[in-house]
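Structure assessment
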Amino acid sequence: MSEPAAPPERTASQPDSTRTGPGRLLIAIYALFALAASARAGVQIATKFGHAPVAYLLSAFAGVVYILATVTLAVGSPAARRIAVLSCSVELAGVLAVGTWSLADPATFPDATVWSGYGSGYGFVPLVLPVFGLLWLRRWTRRPRTRRTTTMSTEDAGEGGRRRNP
Amino acid sequence: MRAERSDLACRDRLLKCALPGPAPVTTKRSNVSSVNGAVPTTIIVAGLVLAGYALLMTARNRRMSVPLLAAVGVLEILLLVQVGVIVARLAGGERPAGLATLIGYLIAMPFIPVAAAFWGLAERSRWGPAVIAVAGLVAAVLMVRLHQIWPVIHV
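First, a word on scope: everything that follows refers to the structure included in this document. (Residues numbered from 1 in each chain as written. Chains lettered and ligands numbered in written order. Predicted model: local features only at pLDDT ≥ 70, side-chain atom pairs only at ≥ 80, totals over all residues. Heavy atoms only, no water.)

Focus: the overall build of chain A
The line we're drawing: Note on conventions: DSSP H or I runs of at least 4 residues are helices, E runs of at least 2 residues are strands, and numbering of each starts at the N terminus. Note on contacts: a residue pair is in contact if any heavy atoms of the two residues lie within 4.5 Å. Note on areas: these come from Shrake-Rupley sampling with a 1.4 Å probe, and a residue is covered only by the protein chains present in the view.
For chain A, the count of helices and strands is 6 helices and 0 strands. The linear arrangement of helices and strands in chain A, starting from the amino end, is α-α-α-α-α-α. When contacts within chain A are restricted to residue pairs at least 6 apart in sequence, those whose partners lie at least 24 apart make up 69%. Split by element, the accessible area of chain A, about 8200 Å² in all, is 66% carbon and sulfur.

Thoughts on the packing of helix α1 (residues 22-48) of chain A against helix α7 (residues 127-149) of chain B
Selection rule: Angles run from 0 to 180 degrees between N-to-C directions of axes, and those axes are lines fitted to C-alpha atoms, restricted for helices to the stretch in contact. What sets the label is the angle itself: under 35 degrees gives roughly parallel, over 145 gives roughly antiparallel, 65 to 115 gives roughly perpendicular, and the rest give oblique. Working rule for handedness: look at the near helix, and if it is turned counterclockwise from the far one by less than a right angle, call the crossing left-handed; if clockwise, right-handed. All residues other than Ala, Val, Leu, Ile, Met, Phe, Trp, Tyr, Cys, Pro, Asp, Glu, Lys and Arg, Gly among them, are scored as polar; the first ten of these are nonpolar and the last four charged.
At a minimum axis separation of 7 Å, α1 of chain A and α7 of chain B run at an interaxial angle of 25°. If you check the angle between α1 of chain A and α7 of chain B, you find them roughly parallel. Helix-helix and strand crossings are classified by hand; for α1 of chain A and α7 of chain B the assignment is right-handed. Between α1 of chain A, through P22, R24, L25, A28, I29 and L32 of chain A, and α7 of chain B, the contact on the second element is made entirely by W127, A130, V131, V134 and V138 of chain B. Among the residues forming the contact of α1 of chain A with α7 of chain B, the class breakdown is 10 nonpolar, no polar and 1 charged.

A word on the pattern of salt bridges
Note the following rule: Take a side-chain nitrogen of Lys or Arg and a carboxyl oxygen of Asp or Glu: if they are within 4 Å of each other, that pair is a salt bridge. Throughout, exposure labels follow a simple rule: accessible area from a 1.4 Å probe, protein chains only, divided by the maximum for the residue type, with under 20% read as buried, over 50% as exposed, and the rest as partly exposed.
For the structure shown, the criterion picks out 3 salt bridges over all chains. Residue R24 of chain A is joined to E123 of chain B by a salt bridge in which the shortest nitrogen-to-oxygen separation is 2.7 Å. In this pair, R24 of chain A is assigned in helix α1 and E123 of chain B in the loop between α6 (111-121) and α7, connecting two distinct chains. On the basis of relative accessibility, which here comes to 5%, the residue E123 of chain B falls in the buried class. Linking D111 of chain A and K48 of chain A is a salt bridge whose minimum nitrogen-to-oxygen distance equals 3.5 Å.

Structure below.
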């Protein structure tokens, strides 16, 4: 207990990777959902797969997508960012598709998935998360940092990366 | 100065919340349900207070601080106490319907504040406290989930 509080200085420095700044928060939430979705699917598939196979397989799929997004956001290289954009897009499409499907055909989902009801069981975080993920990644494909990312910028500065985003 | 005082006040609040916490440990094999609810309720309050405080730090553009880490430590202790209470119940022969899920929660629970502390400390900006806020909210939500998995765990 030498310092009672952090120095109240302003921290104006720009994040220099997808894992810093707001990305730090995003990755924390992604990691949480990666754990929640995959652990839940693992338990359900192992103990009562026959009860709601579609729901459990979709939960497992969601878990894989969250793990992929967490890892690629944390790595932050141009290739990883591309995979991150892809997994965030799949996640957004998944939550919209499964959300609609679960409302239209509740019989297929006797047990909920992470994406049921557009993620209503998880405070709609699954719906909001990919949007913020894509916004964060978009920022990186539009304005590559000169510091520490000079080698990446030539590859990534073009329009190609931007058009991937929905 | 003002920030420091509010930090201390908040830590005091957390510590006061923590005081009734350890009591249920002594009720190991008894089924005194009225005492049983104290720890989860304390965790919910402490988690929400921590989240609010951490978000305030984010809003005020502050980095991780010692008071914030101390509060995370208090939350960690509370969660460990809760794990102990549930393990004692399981050792007493009681079983919930979703035993596998409950064990998963018991394993994951103590890692939440620790992981958040390390991940938040690695950040040198306002987004470090934001990670801590997530841990506080998750701790509160976990208690509600625990009650859903095993209703004998009162909230």
